[in-house]
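Examination of the molecular architecture
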Amino acid sequence: MKPAPFTLHRPTTVAEAAGLLAEHGDEAKPLAGGQSLVPMLALRLTRFEHLVDLNGVAELQSIGTDNGTLRIGAGTRQATVGRDATIAYDTPLLTRATPLIGHFQIRNRGTIGGSLAHADPASEYPAVALALDAELEVTSASGARRVPAADFFTGTWMTVVEPDELLTAILVPQRGDARRGVAIDEVARRHGDFALAGAIAVIDLDDDDRVARAAIAMFGMGSTPLRAPTAEQTLRAYTRAQVDLAAVAQLAVRDTDPPDDVHATGAYRTRACAHLVARVLDRAFEEATSAAR
Ligand SMILES: Cc1cc2nc3c(=O)[nH]c(=O)nc-3n(C[C@H](O)[C@H](O)[C@H](O)COP(=O)(O)OP(=O)(O)OC[C@H]3O[C@@H](n4cnc5c(N)ncnc54)[C@H](O)[C@@H]3O)c2cc1C
C-alpha cells in the first residue's frame, strides 16, 4: 500500500522544526529514520497531513559531554550510537543494546530519538534510558524541558511528548569513578525480532565489593519499560557472594503483568524474564568486580 498524501517539510534547525509542529498541531508528525513511522503510514495505520523531516537538522546529530552529562542528539543514528567511542566508554550499555535492535539496515536509518519517542514496550533503548536514570530533553517553540526517563513513557507507543514538541536529546549521567558492571540480554523468536522479554542490570560496587547502586530494568514485560525497585533495594550493601540472584530475579518479575499475545503468553514472558534478570545481574557483578579500584 501507499501512504495517504502528505506535505513534507524539511527544516534545518530545531527552532524551525518546532515552529512547524506548533503551526500544524495534531496534523503534523516528526519523521526521523522512518523505520516505524513509514510502514505505519504505508499500511495506513496512521495518517498525517504534514511530516516534519528531522534528517536535515544537524544539531540533532551531535554527541558530547558537558558537566558530568553525556548528551546524545535525538537524530543520532542507532548505528552511530553503537560505534561511538565516547558512548562506549561512558555508557557501554547503549553500545551493547544497539546490535539487539532489528537488523543493521534498520539501525543505519533508525535514530535513538525515534526509538525513544516511538516507545515500543519491547524496545531496548527506552529500558536502557530507564536503567541509567537518563533524562529526555523535549523542545517546543516556547522552550525546552527535561523529563526523567521514569516519567517519559506513559503506555504502549505513548510518551509525554505533546504534538507541538519534539524530542531533542537524551542526557545520561556520566559514570564517573564508579566500579560499574552492565549487562543486557533478551529472548526473541529470531535474530532481529523485537524481544519477547528482556532484562538489563547496572551494578556499582564500592571499594569493599558491596553494592552501592543497583538498577534492574525489564522490557517486553508491560506497556512501558519497567524498573524493579524492591529487588534493587535488596541488593544494596551486599557482595555478590551474599546474594541469591535467582531469588532477586523472582522478586523483580513479581510485580510485572506481561501481556499474552500471538507471540508468547504472559506466563512464558515472566519465566523467561526471571532467567534473564538472574543472568544479567551475574554478568554485571562480574564486570564490576573486575573493574579497577
Ligand atoms: C523489521 C524491524 C525490526 C525492528 N526491531 C526492533 C528491535 O528489535 N528493537 C527496537 O527497539 N526497535 C526495532 N525496530 C524499530 C526501529 O528501532 C525504529 O528505528 C525505531 O522504533 C524508530 O526510530 P526511527 O528513527 O526510525 O523513527 P521514525 O520511524 O521516523 O519515527 C517513529 C515515531 O517516533 C516519532 N519521532 C521520531 N523522532 C522524533 C523526535 N525527535 N521527536 C519526537 N518524535 C519523534 C515519529 O513521529 C514517530 O511517531 C524495528 C523495526 C523494523 C522495521
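First, a word on what this report is: a plain description of the structure on this page. On a predicted model such as this, the values are computed, not experimentally measured, just so you know.

Thoughts on the site of the ligand
- Looking at the ligand, there are 29 residues lining it, with Pro30, Gly34, Leu37, Thr111 and Ser123 nearest.
- Residue Ala32 places a main-chain N or O atom 2.8 Å away from an oxygen atom belonging to the ligand.
- Note that an oxygen atom of the ligand is positioned 2.8 Å from one of the backbone N or O atoms of Ser36.
- Relative to its unbound accessible area of 970 Å², the ligand is 89% covered by the protein chains.
- Only β2 (28–31), α7 (112–118) and β10 (166–173) provide two or more residues apiece to the shell around the ligand.
- The element contributing the most residues to the shell around the ligand is α7, with four residues.
- Tallied by class, the residues present in the shell around the ligand amount to 13 nonpolar, 13 polar and three charged.

Points about helix α11 (residues 245–254)
- Within α11 the residues assigned to the buried category are Leu245, Val248, Ala249, Ala252 and Val253. Projected onto a plane normal to the axis of α11, the buried residues spread over an arc of 130° and lie on a single side. For α11, the exposed residues lying more than 90 degrees away from the buried face are Gln250 and Arg254.
- Packing partners of the buried residues in α11 comprise β13 (211–219), α10 (229–235) and α12 (266–290).
- One side-chain oxygen at the N-terminal end of α11 lies 3.1 Å from the backbone nitrogen of Ala246; it belongs to Asp244.

So, unusual backbone geometry
- A positive phi is found at Asp209, a non-glycine position, where the angle reads about 65°.
- Considering the arrangement of structural elements, one finds Asp209 in the loop between β12 (197–205) and β13.
- For Ala237, which is not a glycine, the phi torsion comes out positive at approximately 75°.
- Here Ala237 lies in the loop between α10 and α11.

Things to note about helix α8 (residues 124–131)
- In terms of burial, α8 is a largely internal element, eight of the eight residues being buried.
- Looking only at α8, the buried set comprises Glu124, Tyr125, Pro126, Ala127, Val128, Ala129, Leu130 and Ala131.
- Note on α8: the residue one or two positions beyond its end, Asp133, has a positive phi of about 55°.

Observations concerning the pattern of salt bridges
- By the definition in use, this model includes 16 salt bridges.
- In this structure, a network of salt bridges that share partners links the residues Asp133, Arg213, Arg227 and Glu232.

Considerations on the pairing of strand β4 (residues 63–66)
- Strand direction decides the pairing type here: β4 and strand β5 (residues 69–73), joined by four bridges, are antiparallel. Considered in β5, the bridge of Gly64 is made with Arg71.
- Here β4 folds back onto β5 in antiparallel fashion, the turn holding two residues, of which Asn67 has a positive phi close to 55°.

A look at the packing of aromatic side chains
- In total, this model carries one aromatic pair according to the counting rule given.
- Between the aromatic rings of Phe152 and Phe153, the centroid separation amounts to 5.0 Å while the plane-to-plane angle is 80°, which identifies the pairing as edge-to-face. Accessibility classification places Phe152 together with Phe153 in one group, the buried group.
- Above the face of the Tyr89 ring, Arg175 is positioned so that its terminal group lies 4.5 Å from the ring centre.
- Seen from the ring of Phe285, Arg240 lies directly overhead, with NZ or CZ sitting 6.0 Å from the centre.

Description of the sheet that holds strand β11 (residues 179–187)
- Ordered by their spatial adjacency, four strands build an open sheet running β11-β12-β13-β14, and the pairing between neighbours is antiparallel. Unpaired on one side and paired on the other, β11 and β14 (226–227) mark the two borders of the sheet.
- Contacts from α8 reach β11, β12, β13 and β14, with the element oriented near 155° to β13.

The rules behind these values
- Residues numbered from 1 in each chain as written.
- Predicted model: local features only at pLDDT ≥ 70, side-chain atom pairs only at ≥ 80, totals over all residues.
- Heavy atoms only, no water.
- Near = heavy atom within 4 Å.
- Polar contact = N/O pair within 3.5 Å; in protein donor to acceptor, adjacent residues only side chain to side chain.
- Areas by Shrake-Rupley, 256 points an atom, 1.4 Å probe, with all protein chains shown as cover.
- Helix = DSSP H or I, 4+ residues; strand = E, 2+ residues; numbered from the N terminus.
- Nonpolar A, V, L, I, M, F, W, Y, C, P; charged D, E, K, R; others polar.
- Buried < 20%, exposed > 50% of the residue type's maximum accessible area, 1.4 Å probe, protein only.
- Arc of directions from axis to C-beta.
- Contact = heavy atoms within 4.5 Å.
- Salt bridge = Lys/Arg side-chain N within 4 Å of Asp/Glu carboxyl O.
- Pairing = 2+ DSSP bridges.
- Phe/Tyr/Trp six-rings, centres within 6.5 Å; stacked < 30°, edge-to-face > 60°.
- Lys NZ or Arg CZ within 6 Å of the ring centre and 35° of its normal.
- Axes fitted to C-alpha atoms, helices over the stretch in contact; angles between N-to-C directions.

Structural measurements only, silent on function.
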